[in-house]
Amino acid sequence: LLALSGIALLYQGDGNKPLSTLGIIFVLLSSLSYAIYIVGVNRSTLKNLPTTKLTFYAILFGLSVYIVRLNFCTELQIIPSVWLWADVLTLAILPTAVSLICTALAIHYIGSTSTAILGALEPVTALFFGVLLFHEKLTPRLMMGILMIITAVTLIIIGKSLIKKMGMLLQMNKK
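Residues numbered from 1 in each chain as written. Predicted model: local features only at pLDDT ≥ 70, side-chain atom pairs only at ≥ 80, totals over all residues. Heavy atoms only, no water.

**With respect to the overall build of the protein**
Where we set the bar: A run of H or I in DSSP becomes a helix once it reaches four residues, and a run of E becomes a strand once it reaches two; helices and strands are each numbered from the N terminus. All radius of gyration figures rest on C-alpha atoms, and the globule criterion is 2.2 Å times the number of residues raised to 0.38. Only protein chains enter the accessibility calculation, which uses a 1.4 Å probe; a residue whose area is less than 20% of its type maximum is buried, one above 50% is exposed, and one in between is partly exposed. In this analysis, two residues are considered to be in contact whenever any of their non-hydrogen atoms come within 4.5 Å of each other.
For the protein, the count of helices and strands is 7 helices and 0 strands. Scanning the protein from its N terminus toward the C terminus, one meets helices and strands in the order α-α-α-α-α-α-α. At 20 Å, the protein has a C-alpha radius of gyration far larger than the 16 Å of a compact globule built from 175 residues. Judged by the C-alpha coordinates and their principal axes, the protein covers about 75 × 45 × 30 Å. Looking at the protein as a whole, 17% of its 175 residues are labelled buried. The long-range fraction of contacts in the protein, counting pairs at least 24 apart against all pairs at least 6 apart in sequence, stands at 71%.

**Structural notes on the packing of aromatic side chains**
For the record, the criterion: Ring pairs shown here join Phe, Tyr and Trp side chains whose ring centres sit within 6.5 Å, with only the six-membered ring taken for Trp; geometry is labelled stacked below 30 degrees between planes, edge-to-face above 60, and tilted in between.
Scanning the entire structure with this criterion turns up 2 aromatic pairs. Both rings, one in F128 and one in F129, keep their centres 5.2 Å apart while their planes meet at 80°; by these two values the pair is edge-to-face. Residue classification places F129 among the partly exposed positions, given a relative accessible area of 38%.

**Section: the nonpolar core**
Defined as follows: Among buried residues, the Ala, Val, Leu, Ile, Met, Phe, Trp, Tyr and Cys ones that are joined through side-chain atoms within 4.5 Å form a nonpolar core.
L10, I117, V124, L127, L142, I146, I149 and V153 together form the largest nonpolar core, which totals 8 residues. Of all elements in the fold, only α6 (122-134) and α7 (140-174) reach the threshold of two or more residues within this core. Of the residues forming this core, the biggest block, 4 residues, is contributed by α7. Among residues more than four places away in sequence, those in contact with V153 are I117, A120 and L121. By size, the runner-up hydrophobic cluster in this structure holds 6 residues, among which are I38, L54, A104 and I107.

**What to know about the side chain of S112**
The condition is simple: In protein, a polar contact requires one atom able to donate a hydrogen and another able to accept it; more generally it is a pair of N or O atoms within 3.5 Å, and residues adjacent in sequence count only if both atoms are side-chain atoms.
By secondary structure assignment, the location of S112 is in helix α5 (residues 112-119). Looking at S112, the relative accessible area reads 5%, which means it is buried. Among the polar contacts made by the side chain of S112, one reaches the side chain of N42 at a distance of 3.2 Å. Ignoring anything within four residues of it in the chain, the contact list for S112 reads I38, V39, N42 and I107.

**Regarding the environment of R69**
By secondary structure assignment, the location of R69 is in helix α3 (residues 51-69). Given a relative accessible area of 63%, R69 falls into the exposed group. Placed 65 residues apart in sequence, R69 and F134 show a C-alpha to C-alpha distance of 31 Å.

Okay, here's the thing in structure tokens:
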């Protein structure tokens, strides 16, 4: 809840428009499917699948969803210029293929929990590059959102060891 609240603070709508309830539902469903994917890869025979093959199947699944969403390609539009084709290819390679390859590698090397925790920092990274490269304004509201996300991630990381230490302290106090 802390991380979701922090992400909500990062939202910048047009004027006074509130967050879309349907949009929030889609984000939560997306997060759930992402979590299922990460855990599923780590806890199944997919863990032994080579990274490139796993990435291929993930992209193939995404493509099938995309095709259905576009009414089986009947709503596709022609890309009118070379520059827009370059944009499409760049989006296909960097945030899609490279991201999926890195996620698969991370799951193999550090496990699903650590990969998911680091993935929670994605909005902070996006904001960092927005401010650095695109000169977006860093407002107190955005800083509070970042602080909430980082705090949530930190609590998740230290949560198990903190609970374990507190349990040991309680046992020592009983003796």
